[in-house]
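If you want the building blocks of each chain, they are given just below.
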Amino acid sequence: MVLGGTRGIGRACCLDLTRAGATVVVTGRSAENAHAVVHDVRAGGGEATAAVHDLSDVDATARTIDEAYAVHGRLDGLVANAGMNPYFVRPEKVTTEEWDTSMGVNLRGVFFAVQAAARHMLATGGGSVVTMSSVTAQRGTLRGLPYVAAKGGVDAMTRTLAVEWADRGMRVNAVAPGYVETDLTEGLRHHESLREMVLRKVPAGRFGTVEEIAALVTFLVSDASAYITGQVLTADGGFAVA
Ligand SMILES: NC(=O)c1ccc[n+]([C@@H]2O[C@H](COP(=O)([O-])OP(=O)(O)OC[C@H]3O[C@@H](n4cnc5c(N)ncnc54)[C@H](OP(=O)(O)O)[C@@H]3O)[C@@H](O)[C@H]2O)c1
């Protein structure tokens, strides 16, 4: 199941996972985009179904996960990819509404979705959970505090869940992308001076592609990573270590 599979990195995960043989449930708020991804998966010879929910609605998300489990009869992997970062704001100006909205999707929503999925997975021998962090949680970053704080929470949550569930067949890892070509970075990529400022900080000298992130997710979902748990795998063109 790929939460936030309707666009960007999540969409690429749906395509890559189904090419690797998985049947995928594509979720997001947009039914139209979810069905478009299902169409694209099927055009490539894979199998997928669509489900619609808002991650900030914990009960609706749990219902969506329960219904998908009932339809498919098993759940081997959860990719908790959905996330948002609409605020470009100095810390001294962050409002409680901005903080709560960001946390509500990027951390609270992610945790309770993982919890809902894990109830099924733990009851049937375990599986693999992949959360979507961000390299910004590893570095100080300008104007993104509510988002970065949530992603730092995702890292800590990922390690803690890995320890909690390792003896029950469950692995929990995170992928931390750097700057990737998606809707999320569209404003940044099309603003000349911001784009140049970012690229100066990335030793690889370019933005990442969604396919490069999806390949890591498929690896972490698959048995090829059977002895890896509690890790945050960073894919950032060298940004974090420069
Ligand atoms: N792009 C980057 O450079 C970058 C870097 C580091 C980390 N990330 C992380 O990677 C993940 C994917 O980012 P992206 O760049 O692919 O973003 P994107 O293109 O904006 O796609 C975001 C996805 O999340 C879903 N989503 C957003 N809010 C949701 C909500 N409230 N409920 C349910 N689904 C929701 C969207 O689906 P709907 O529109 O259908 O709701 C969409 O499928 C995010 O967690 C992001 O923080 C991205």
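Everything in this summary refers to the structure shown in the same document.

Helix and strand content of the protein: eight helices and seven strands. At 17 Å, the protein has a C-alpha radius of gyration in line with the 18 Å of a compact globule built from 242 residues. Looking at the protein as a whole, 48% of its 242 residues qualify as buried. For the protein, the proportion of contacts with a sequence separation of at least 24, taken over those separated by at least 6, is 70%.

Read across the open sheet, the seven strands follow the order β3-β2-β1-β4-β5-β6-β7; overall the sheet is parallel. The open sheet has two edge strands, β3 (47-52) and β7 (232-235), and neither has a second partner. Across two bridges, strand β1 (residues 2-3) lies against strand β2 (residues 23-28) in parallel orientation. Bridge pairing in β2 places valine 2 opposite valine 26. Its contacts with the sheet put helix α8 (residues 210-221) on β4 (77-80), β5 (127-132), β6 (170-177) and β7, and the angle it makes with β6 is roughly 170°.

On to the pairing of β3, then. In the sheet, β2 pairs with β3 via six bridges, with the strands oriented parallel. Opposite valine 24, over in β3, you have alanine 48 as the bridge partner. The parallel pair β2 and β3, bridged by helix α2 (residues 31-43), forms a crossover whose chirality is right-handed.

With respect to the helices and strands, threonine 18 occurs in helix α1 (residues 8-19). Within the local environment of threonine 18, its side chain forms a polar contact with the backbone oxygen of leucine 15, the two atoms lying 3.0 Å apart. Discounting residues that sit within four places of it in the chain, threonine 18 has contacts with Val24, Val41, Gly46 and Glu47.

With that settled, the discussion passes to the pattern of salt bridges. Once their charged atoms are close, side chains differing in charge can pair, the charge on each being opposite to the other. As enumerated under the stated definition, the model contains six salt bridges in all. Put simply, arginine 11 and aspartate 40 hold a salt bridge, and the shortest N to O gap is 2.8 Å. In this pair, arginine 11 sits in helix α1 while aspartate 40 sits in helix α2, placing the two residues 29 residues apart along the sequence. For arginine 11, a relative accessible area of 31% corresponds to the partly exposed category. Across the pair arginine 42 and glutamate 47 runs a salt bridge, and its minimum N-O distance is 3.1 Å. The class for arginine 42 is partly exposed, based on a relative accessible area of 44%. Given the relative accessible area of 34%, glutamate 47 is considered partly exposed.

On to the site of the ligand, then. The local shell around the ligand holds 29 residues, among which Thr6, Arg29, Asn81, Tyr147 and Thr182 are the closest. Within the contact set of the ligand, an oxygen atom lies 2.8 Å away from a side-chain nitrogen or oxygen of arginine 7. Between the ligand and lysine 151, the relevant distance is 2.9 Å, taken from an oxygen atom to a side-chain nitrogen or oxygen of the residue. Protein chains shield 96% of the accessible area of the ligand, which is 870 Å² for the free molecule. Counting only elements with at least two residues in the shell around the ligand, the list comes to α1 and α5 (145-165).

On to the side chain of serine 128, then. Mapping serine 128 onto the fold places it in strand β5. Not counting residues up to four positions away in its chain, the partners in contact with serine 128 are Asp76, Gly77, Leu78, Met121, Arg171, Leu220 and Val221.

As a further point, take the packing of helix α4 (residues 96-123) against α5. Packing of α4 against α5 brings their axes to within 8 Å, and their N-to-C directions diverge by 20°. Judged by the inter-axis angle, α4 sits roughly parallel to α5. Considering how the two elements wind past one another, α4 and α5 form a crossing that is right-handed. Facing α4, whose interface residues are Glu98, Trp99, Ser102, Met103, Asn106, Leu107, Val110, Phe111, Val114, Ala118 and Leu122, α5 presents Leu145, Pro146, Tyr147, Ala149, Ala150, Lys151, Gly153, Val154, Met157, Leu161 and Trp165. Residues belonging to the contact of α4 with α5 are distributed by class as follows: 17 nonpolar, three polar and two charged.

What counts and how
- Positions within a chain are numbered from 1, following the residues in the order the chain's sequence is written.
- Owing to the predicted nature of the model, reporting of local features is limited to residues with pLDDT of at least 70; listing and counting of side-chain atom pairs is limited to 80 or more, with chain, interface and lining totals taken over all residues.
- For side-chain calculations, the full set of non-hydrogen atoms in the structure is used, while hydrogens and water are omitted.
- Note on conventions: DSSP H or I runs of at least 4 residues are helices, E runs of at least 2 residues are strands, and numbering of each starts at the N terminus.
- What the globule rule says is 2.2 Å times the number of residues to the power 0.38, and the radius of gyration is computed from C-alpha atoms.
- Each residue is placed in one exposure class: buried if its accessible area under a 1.4 Å probe, protein chains only, is under 20% of its type's maximum, exposed if it is over 50%, and partly exposed if it falls in between.
- The criterion used for residue contact is that any of the two residues' heavy atoms lie within 4.5 Å.
- Any two strands are treated as partners once DSSP identifies two or more bridges connecting them.
- Each axis is a line fitted through C-alpha atoms, and for a helix only the stretch in contact is used; angles between axes span 0 to 180 degrees, taken between their N-to-C directions.
- By convention, orient the strands away from the viewer: a clockwise path from the first strand over the helix to the second makes the crossover right-handed.
- Under this definition, polar contacts are N or O atom pairs within 3.5 Å; protein pairs additionally need one hydrogen-donor-capable and one acceptor-capable atom, and for neighbouring residues in sequence, both atoms have to be side-chain atoms.
- Every case where a carboxyl oxygen of Asp or Glu lies within 4 Å of a side-chain nitrogen of Lys or Arg is listed as a salt bridge.
- Each residue is tested against the molecule or strand, and it is near if at least one of its non-hydrogen atoms lies within 4 Å.
- Here the open area of atoms and residues is found with the Shrake-Rupley method and a 1.4 Å probe, where only the protein chains shown may cover a residue.
- Here is the rule for angles: anything less than 35 degrees is roughly parallel, anything more than 145 is roughly antiparallel, 65 through 115 is roughly perpendicular, and the remaining ranges are oblique.
- Crossing handedness is read from the near helix: turned anticlockwise from the far helix by less than a right angle, it gives a left-handed crossing, and turned clockwise, a right-handed one.
- Residue polarity follows a fixed list, in which Ala, Val, Leu, Ile, Met, Phe, Trp, Tyr, Cys and Pro are nonpolar, Asp, Glu, Lys and Arg are charged, and the others, Gly among them, are polar.

Coordinates in, geometry out; function isn't part of it.
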